[in-house]
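For reference, the chains in residue letters:
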Amino acid sequence: MSEVWKKETLSFAGQTFYGLMKQEAEKRRLKPGEVRPYGVRGRVAEGMVSVEDHRLLLASGETLLWEGFREWKEYQIRQVCLFVLCVQQNIPDSCLEHLDLQYKEETCAGIALSLARKLLRERYEAQWKREGMTASVVLGPGYYGMDVKMAERILKTTGAADIGVTYDRGMLHPVFSLAGLFLKVPDEKKKLENPCRYCQGTADGCLWCEMRNEKEW
């Protein structure tokens, strides 16, 4: 595989993005006046890959390890989008002194991050559908049993340092950051057959992954 990656820096902000944020905030029972407009920056790397058993071999020379990759082995996956997203603004120090305000600000920041991830996937889904393919469910470190250490490899390949995102001892910094990927796949293989088989969490954590897999994506 040639070491060819299409990389870019993205920004999710502005009135349209803020309007979508407010819609999501209403579902969480935040009032319009309680929604602060957070922007999101991202680094994306789109490139060639191959799947060998539980290994996703990246053209950059890095390897992502996860048992779930076996499900796509027979589909001859050749392309992936790796991404790193982070909220641009810090939560105001004044809000950290009041739990209620802190909760609302953290909820807004979380909404912005989730919304940016959703819009990014929709962008690639539309692009790949023109080629008769689609984007898989969003995968990544910490989901469906993928080791959080894989985040460091995603950050390296995407050049996440350009937007100020770093990895240290199992954590991404800033706090409101995330790393993930989705594969270019046939439409019939967009979802995992049984994501619970890979999970290393507890039964209490299953509902979240189920919601993401069946409703959000």
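Look up: the structure comes first, before these words.
Let us look at the structure shown here.

Calculation notes
Residues numbered from 1 in each chain as written. Predicted model: local features only at pLDDT ≥ 70, side-chain atom pairs only at ≥ 80, totals over all residues. Heavy atoms only, no water. Core = buried A, V, L, I, M, F, W, Y, C linked by side-chain atoms within 4.5 Å. Buried < 20%, exposed > 50% of the residue type's maximum accessible area, 1.4 Å probe, protein only. Helix = DSSP H or I, 4+ residues; strand = E, 2+ residues; numbered from the N terminus. Contact = heavy atoms within 4.5 Å. Salt bridge = Lys/Arg side-chain N within 4 Å of Asp/Glu carboxyl O. Axes fitted to C-alpha atoms, helices over the stretch in contact; angles between N-to-C directions. Left-handed = near helix turned anticlockwise from the far one by under 90°. Nonpolar A, V, L, I, M, F, W, Y, C, P; charged D, E, K, R; others polar.

**Description of the nonpolar core**
One broad rule of soluble globular proteins: the nonpolar side chains tend to lie buried together.
(1) Moving on: Counting residues in hydrophobic clusters, the biggest one holds 35 residues, and the most contacted among them are Leu-56, Leu-64, Trp-66, Val-80, Leu-139, Leu-181 and Leu-183.
(2) Moving on: Within the residue set of this core, elements represented by two or more residues are β2 (40–52), β3 (55–58), β5 (79–87), α3 (150–158) and β9 (177–185).
(3) Moving on: Each residue touching Leu-64, except ones within four places of it in the same chain, is listed here: His-54, Arg-55, Leu-56, Leu-58, Phe-69, Leu-82, Met-150, Arg-153, Ile-154 and Leu-181.
(4) Moving on: In terms of nonpolar packing, the next biggest core, distinct from the first, is built from 31 residues, Phe-12, Tyr-38, Leu-120 and Phe-182 among them.

**Some thoughts on the pattern of salt bridges**
(1) Moving on: If you walk through the whole model with that rule in mind, you get 17 salt bridges.
(2) Moving on: Note that Asp-187 and Lys-129 form a salt bridge whose closest N and O atoms lie 3.7 Å from each other. With Asp-187 in the loop between β9 and α4 (206–216) and Lys-129 in helix α2 (residues 99–129), the pair connects residues that are 58 residues apart, well separated along the chain.
(3) Moving on: What makes Asp-187 partly exposed here is its relative accessible area of 44%.
(4) Moving on: Judged by relative accessible area, Lys-129 falls into the partly exposed class, the value being 44%.
(5) Moving on: Connected through salt bridges with shared partners, the residues Asp-53, Glu-67, Arg-70 and Lys-73 form a single ionic network.

**Overview of the packing of helix α1 (residues 15–27) against α2**
(1) Moving on: Interaxial distance between α1 and α2 falls to 10 Å at its minimum, and their mutual angle equals 115 degrees. Regarding α1 and α2, the two cross each other, and that crossing is right-handed. Of α2, the residues touching α1 (which contributes Phe-17, Leu-20, Met-21, Glu-24 and Ala-25) are Cys-108, Ile-111, Ala-112, Leu-115, Ala-116 and Leu-119.
(2) Moving on: Of the residues belonging to the contact of α1 with α2, the class tally is 10 nonpolar, no polar and 1 charged.

The values reported here are purely geometric and, on their own, carry no functional implication.
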